[in-house]
Amino acid sequence: MPTLLETHIRNRFRVQPNHANNNDTLHGGNLMKWLDEVSAMSAMRFAGETCVTARVNELDFERPIQIGDTALVEAYVYDAGRTSVHVALRAWREEPRSGETEKTTESTFTFVAIDENGEKVPVPDITVETEKGERLRDRVHELGD
Ligand SMILES: CC(=O)SCCNC(=O)CCNC(=O)[C@H](O)C(C)(C)COP(=O)(O)OP(=O)(O)OC[C@H]1O[C@@H](n2cnc3c(N)ncnc32)[C@H](O)[C@@H]1OP(=O)(O)O
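Not measured: the values here are computed from a predicted model.

*Asks:* Looking at this structure, I do not really get the packing of aromatic side chains. What am I missing?
*Replies:* Given two aromatic rings, their pairing is described by the distance between the two centres and the angle made by the two planes. Enumeration according to the criterion identifies 1 aromatic pair in this entry. A centroid spacing of 4.6 Å and a plane angle of 5° characterise the contact between F13 and W34, whose relative ring orientation is stacked. Remark: W34 occurs in helix 1 (residues 28-47) and F13 occurs in strand 1 (residues 9-14); sequence separation between them is 21 residues. There is no split in this pair, since F13 and W34 are both buried. Just above the ring of W92 sits the side chain of R10; from NZ or CZ to the centre is 5.5 Å.

Right under this line is the structure:
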């Protein structure tokens, strides 16, 4: 059974001018694509199968990310059903020189595991070990999801 921390992925993306919206900040659609990619990697690591996005839960853009900043995206599996995989996501803007971060976005996405024929397949149970794993799981449940 995979542990929560084995699904924990943090990816960084350099925010370039071609990622901008009309306000010269990161276009929300680019951030959503990065969130989807990183959370799919986490879901697939957990399931050991291909996973497709079934649902994007509430997604608030709390703060903009500036061009030239780094977008730091974190994903981990916090729960699983029979074939569904529930992934928690957070994003921060990170100042590339100082490493200073500010949280900009938070959400949960639901994936479904499928086999090579596109048929839904069962996923394992998630296990939570260590205080860090428990803290990460509990913070999602405290969000009321
Ligand atoms: C990484 C990517 O970008 S992938 C590309 C974008 N995504 C896609 O193209 C997926 C398109 N959608 C599909 O193929 C289908 O709707 C699927 C495979 C997601 C679900 O197939 P369905 O036959 O509708 O699934 P079904 O109703 O049997 O539910 C299967 C599981 O998914 C869950 N589920 C399905 N749809 C949703 C949803 N919208 N929200 C939350 N959970 C859902 C169900 O609760 C169930 O969970 P469980 O097995 O843990 O009890």
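Now that the structure has been shown, the text picks up again.
*Asks:* Mind showing me how you'd approach the pairing of strand 4 (residues 70-80) here?
*Replies:* As a general feature of sheets, a regular strand has side chains that alternate between the two faces. Counting buried residues along strand 4, 9 of its 11 residues qualify, which places the element largely inside the surrounding structure. By the bridge criterion, 6 bridges tie strand 1 to strand 4 in an arrangement that is antiparallel. By the bridge assignment for strand 4, N11 is matched with V73. Two strands pair when backbone bridges link them, and strand 4 and strand 5 (residues 84-94) are joined in this way by 10 bridges, in the antiparallel orientation. When the sheet's bridge partners are listed, T70 is paired in strand 5 with E94. Linkage of strand 4 to strand 5, two consecutive antiparallel strands, is achieved through a turn of 3 residues.

*Asks:* Help me understand the site of the ligand in this model?
*Replies:* In the region of the ligand, 13 residues are neighbours, and T53, R82, T83, S84 and K120 sit closest. Between an oxygen atom of the ligand and a side-chain N or O atom of S84, the distance comes to 2.6 Å. At 2.6 Å from an oxygen atom of the ligand is found a side-chain nitrogen or oxygen belonging to K120. In the complex, the protein chains occlude 47% of the 1,000 Å² of accessible area that the ligand would expose alone. Listed by contribution, the elements that provide at least two residues to the shell around the ligand are helix 1, strand 2 (50-56) and strand 6 (101-114). A breakdown of the residues in the shell around the ligand according to their chemical character gives 4 nonpolar, 5 polar and 4 charged.

Conventions used here
- Residues numbered from 1 in each chain as written.
- Predicted model: local features only at pLDDT ≥ 70, side-chain atom pairs only at ≥ 80, totals over all residues.
- Heavy atoms only, no water.
- Phe/Tyr/Trp six-rings, centres within 6.5 Å; stacked < 30°, edge-to-face > 60°.
- Helix = DSSP H or I, 4+ residues; strand = E, 2+ residues; numbered from the N terminus.
- Buried < 20%, exposed > 50% of the residue type's maximum accessible area, 1.4 Å probe, protein only.
- Lys NZ or Arg CZ within 6 Å of the ring centre and 35° of its normal.
- Pairing = 2+ DSSP bridges.
- Near = heavy atom within 4 Å.
- Polar contact = N/O pair within 3.5 Å; in protein donor to acceptor, adjacent residues only side chain to side chain.
- Areas by Shrake-Rupley, 256 points an atom, 1.4 Å probe, with all protein chains shown as cover.
- Nonpolar A, V, L, I, M, F, W, Y, C, P; charged D, E, K, R; others polar.

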